[in-house]
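# Observations on the three-dimensional arrangement
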Protein chains: 2
Amino acid sequence: MTRTFPSINPEASPATDTSSRPGSIRESSWRDYARDDLPPILSSALACFMEQGYHGTTIRQVAARTGLSVPGLYHHYPSKHALLVALMSHAMSDLWTRSQLAIAEAGTSVPRQFDLLVECLVLFHARRRELAFIAYGEIRSLNGTARSEHIEARDRQQRLMDSIIARGVETGIFTTRFPREASTAVITMCTGVAQWFQPHGSLTPEELAERYREITTMAVGRSGTF
Amino acid sequence: MTRTFPSINPEASPATDTSSRPGSIRESSWRDYARDDLPPILSSALACFMEQGYHGTTIRQVAARTGLSVPGLYHHYPSKHALLVALMSHAMSDLWTRSQLAIAEAGTSVPRQFDLLVECLVLFHARRRELAFIAYGEIRSLNGTARSEHIEARDRQQRLMDSIIARGVETGIFTTRFPREASTAVITMCTGVAQWFQPHGSLTPEELAERYREITTMAVGRSGTF
DNA sequence: CTATACCTACCGAGCGATCGCTCGGTAGAT
DNA sequence: ATCTACCGAGCGATCGCTCGGTAGGTATAG
């Protein structure tokens, strides 16, 4: 029943190596969005889901976009639902990995943890806009265990922000009277970026992250100078 | 071609009159969500769209939920798409009407306009949670002119907040360095309420509106005392 | 007062199209 | 001989929608 389906070669480009650049021995990898490692079929599925939603997309459209026949597609994924699950879990695990790296880089300073987590969230939802859009908009299209696992991953992400803000309020660094709602508001702001950000707009993801860092900082009421 | 389709009687309940209560001659109507005037068919469609999305919902499900046959439903609405259009335009015009009433009540004070608009937005997205959820999540399911009209209505809502924050920054009442992004952030926060608010949770819509008023006030950097 | 006409508000049955998915293959590499 | 990586054809189910009705109310003519 539980067959393993191989995935199409995730483009093993041997030429460009962005991990080591002259001048910097080790960049923070959670800021790096140079390579998009989505296999071709998932990339096609993502494009279709963006345009028409999960239920509005047919398996034939995904196959045609990839240059495959319908049985050719089913050789790689057992069902239409599996395409959505693969996209969703990829999105949530990628965001979780980046978030943990960002917080690790921040060390023990709570305001710095807050700053880097906001930066991480904004960068992800701007750079992986389509993936994040689907991950937050198609939850109700998930069935069974995949749905509860996705919601658990989302709640875990929320608790990360909750705990940072709660610690900031305890130590008097953040002055907001409503830590829980402020956390929800900050998370909503950052994930909402995926719903309006335009890659060719006037702001780069990095510029937006800096502005959102300042706005969210004011929202939680950080004491001291800016 | 353009037949007019009548709507099912929007419940003419003659008994309860909530508009005039003892002690207050005229309440602000934009805060009143006592009566939900959605016709039965649209109410069924909304429930189905919430559970499975527009494309995931069949016309037979909507009909069965209303207690009608399929042709019976088509007597009232010419197509499945028309159900979505009716829900969308109802949501946007209701929100627009309430927003204008809120700002009118605020008078010429910019901070008060900001406060009441935030309160109006939070109340709407908490009290009309399902309607707002569909209105922001099913835009891509809209076709033709309905889509562009909906987007125009959404942009008009955004400009309302933009102009208030811009005036606040000009007069020095708001100190944010990024009025445009702060406006987007505030709108995203408030509309995002529809994605997580639970009617039977620990906060009433009114309590949440008050907390969000304070959080958004800090986000735009209002000068002076709180 | 009745007869006919016309209206709204529905429904049983079903049409053509399309859906997710599968069967039974083929081509090439190992 | 066996594996991966596909494909042409098509199956049963379901989709949005429609055809040709019926039941009951109201309006007008005789």
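Rules behind the numbers
- Sequence order as written defines the numbering, with residues in each chain counted from 1.
- Chains and ligands are labelled sequentially in the order written, the chains with letters from A and the ligands with numbers from 1.
- Residue-level local features of this predicted model are given only where pLDDT is at least 70; pairs of side-chain atoms are given and counted only at 80 or more, and the full residue set underlies all totals for whole chains, interfaces and linings.
- By convention in this description, side-chain values take in all heavy atoms of the structure and omit both hydrogens and water.
- Where helices and strands are cited, they refer to DSSP runs of H or I of at least four residues and of E of at least two residues respectively, numbered from the N terminus.
- Only protein chains enter the area calculation, which uses a 1.4 Å probe; residues under 20% of their type maximum are buried, those over 50% are exposed, and those in between are partly exposed.
- Only heavy atoms enter the contact rule, under which two residues are in contact if any of them lie within 4.5 Å.
- To measure how exposed things are, a 1.4 Å probe is used in the Shrake-Rupley method; for residues, cover is taken only from the protein chains shown.
- Superposing copies: least-squares fit, C-alpha atoms only, residues required to have pLDDT of at least 70 in both.
- By convention in this text, a residue qualifies as near a molecule or strand provided that one of its non-hydrogen atoms is within 4 Å of it.
- Distance and chemistry together define a polar contact, namely a pair of N or O atoms within 3.5 Å, with one atom able to donate a hydrogen and the other to accept it when in protein, and with adjacent residues in sequence counting only for side-chain atoms on both sides.
- Under the grouping applied here, Gly and all other residues not named as nonpolar or charged are polar, the nonpolar ones being Ala, Val, Leu, Ile, Met, Phe, Trp, Tyr, Cys and Pro and the charged ones Asp, Glu, Lys and Arg.
- When the centres of two rings from Phe, Tyr and Trp lie within 6.5 Å, Trp using its six-membered ring, the rings pair. Their planes under 30 degrees apart give stacked, over 60 give edge-to-face, and anything left gives tilted.
- For every element, the axis is a line fit to its C-alpha atoms; helices are fit only across the contacting stretch, and the angle between N-to-C directions ranges from 0 to 180 degrees.
- With respect to orientation, any angle under 35 degrees is reported as roughly parallel, any angle over 145 as roughly antiparallel, any angle of 65 to 115 as roughly perpendicular, and every other angle as oblique.
- The handedness criterion is simple: a crossing whose near helix is rotated anticlockwise from the far helix by less than a right angle is left-handed, and one whose near helix is rotated clockwise is right-handed.
- By buried area we mean the combined loss of accessible area, with a 1.4 Å probe, across both parts when two parts are placed together.
- We define a salt bridge as a contact between a side-chain nitrogen of Lys or Arg and a carboxyl oxygen of Asp or Glu at a distance within 4 Å.
- The quantity known as pLDDT measures the predictor's confidence residue by residue, on a range of 0 to 100.
- Here, nonpolar core means buried Ala, Val, Leu, Ile, Met, Phe, Trp, Tyr and Cys residues that are tied together by side-chain atoms lying within 4.5 Å of each other.
- How far a helix is expected to stretch is found by multiplying one less than its residue total by 1.5 Å.

Turning to the overall build of chain A, a few remarks are in order. Across its full length, chain A carries nine helices and zero strands. With 226 residues in all, chain A has 50% of them scored as buried. Long-range contacts, defined here as pairs at least 24 residues apart, represent 71% of the contacts in chain A between residues at least 6 apart. Accessible area for chain A stands at about 11,300 Å²; split by element, carbon and sulfur atoms hold 53% of it.

Here chain A sits on chain B after a turn of 180° about the axis and a move of 0.0 Å along it, with an RMSD of 0.0 Å. Accordingly, the operation relating the two chain copies is best matched by a two-fold axis. Scanning chain A for the C-alpha nearest the rotation axis identifies alanine 219 of chain A, at a separation of 2.1 Å. The fraction of interface residues of chain A whose copies in chain B are also interface residues reaches 100%, indicating that both copies meet through the same surface.

Residues and elements named next belong to chain B. Assignment of secondary structure puts leucine 131 in helix 6 (residues 129-137). With 43 residues separating them along the chain, leucine 131 and methionine 88 place their C-alpha atoms 7.8 Å apart. Filtering out sequence-adjacent residues up to four positions away, leucine 131 remains in contact with Leu46, Leu87, His90 and Ala91.

Bringing the protein's contact with DNA strand D into the picture now. As a structural note, the neighbourhood of DNA strand D is formed by 18 residues, with Ser69 and Pro71 of chain A together with Thr58, Arg60 and Tyr74 of chain B the closest of them. When the atoms of DNA strand D within 4 Å of the protein are sorted by group, sugar and phosphate make up 48%. In this structure, a phosphate oxygen belonging to DNA strand D sits 2.9 Å away from a side-chain N or O atom of histidine 76 of chain A. Tyrosine 74 of chain B is positioned such that a nitrogen or oxygen atom in its side chain is 2.7 Å from a phosphate oxygen of DNA strand D. Looking at the surface near DNA strand D, the elements with two or more residues in it are helix 3 (70-74) of chain A together with helix 2 (59-66) and helix 3 (70-74) of chain B. Ranked by the residues each element gives to the surface near DNA strand D, the list is headed by helix 3 of chain B, at three residues. Looking at side-chain class alone, the surface near DNA strand D contains seven nonpolar, eight polar and three charged residues.

The environment of DNA strand C is made up of 19 residues, and the closest members are Thr58, Arg60 and Tyr74 of chain A together with Ser69 and Pro71 of chain B. Those atoms of DNA strand C that come within 4 Å of the protein belong to sugar or phosphate at a rate of 48%. At 2.5 Å, a backbone N or O of serine 69 of chain B approaches a phosphate oxygen of DNA strand C. At 3.0 Å from a phosphate oxygen of DNA strand C is found a side-chain nitrogen or oxygen belonging to histidine 76 of chain B. Elements that contribute at least two residues to the surface near DNA strand C include exactly helix 2 (59-66) and helix 3 of chain A together with helix 3 of chain B. With three residues, the top contributor of residues to the surface near DNA strand C is helix 3 of chain A.

Taken as a whole and judged by the stated rule, the model has eight aromatic pairs over all chains. Taking 6.3 Å as the distance between ring centres and 65° as the angle between the ring planes, the aromatic pair formed by tryptophan 196 of chain A and phenylalanine 197 of chain A counts as edge-to-face. Tryptophan 196 of chain A gets classed as partly exposed once you look at its relative accessible area, which sits at 31%. What makes phenylalanine 197 of chain A buried here is its relative accessible area of 5%. Judged by centre distance (5.4 Å) and plane angle (70°), the rings of phenylalanine 49 of chain B and tyrosine 54 of chain B are edge-to-face.

All names here are of chain B. At a minimum axis distance of 9 Å, the contact between helix 5 (residues 110-127) and helix 9 (residues 205-219) shows a crossing angle of 135°. Overall, the two elements helix 5 and helix 9 adopt an arrangement that is oblique. Crossing of helix 5 against helix 9: the hand is right-handed. Counted together, Phe114, Asp115, Val118, Glu119, Val122, Leu123, Ala126 and Arg127 of helix 5 and Pro205, Glu206, Leu208, Ala209, Tyr212, Arg213, Thr216 and Thr217 of helix 9 form the full contact between these two elements. A class-by-class count of the residues in the contact of helix 5 with helix 9 yields nine nonpolar, two polar and five charged.

This brings us to the interface of chain A and chain B. In this complex, chain A contributes 34 residues to the contact, which on the side of chain B involves 34 residues. Interface of chain A and chain B: buried area, both sides summed, is about 2,700 Å²; carbon and sulfur atoms make up 63% of it. The tally of links from chain A across to chain B stands at six salt bridges. Linking glutamate 181 of chain B and arginine 211 of chain A is a salt bridge whose minimum nitrogen-to-oxygen distance equals 3.1 Å.

Moving on to the confidence of the model for chain A. Any residue range with low pLDDT should be treated as having predicted coordinates unsuitable for detailed reading. Looking at chain A, pLDDT values average 90 and 87% of them are 70 or higher. With pLDDT under 50 throughout, residues 1-25 of chain A is counted as low confidence; its partners more than four residues away or in other chains account for 19 contacts.

Note on soluble globular proteins: their nonpolar side chains tend to be buried together. Counting residues in each nonpolar core, the largest one holds 80 residues, and the members touching the most others are Phe114, Met161 and Tyr212 of chain A together with Phe114, Met161 and Tyr212 of chain B. The next biggest cluster of nonpolar side chains, apart from the first, holds 27 residues, and it includes Ile41, Ala86, Met88 and Ala135 of chain A.

Our focus in this paragraph is helix 7 (residues 144-170) of chain B. All names here are of chain B. For helix 7, with 27 residues, the first-to-last C-alpha span of 39 Å sits near the 39 Å given by 1.5 Å per residue. Inspection of helix 7 places Ala146, His150, Ala153, Gln157, Gln158, Leu160, Met161, Asp162, Ile164, Ile165 and Gly168 among the buried residues, and these make up the whole buried set. Here the buried face of helix 7 lies against helix 4 (80-106), helix 5, helix 6 and helix 8 (179-196). Positive phi shows up at glycine 172, right after helix 7, with a value of about 80°.

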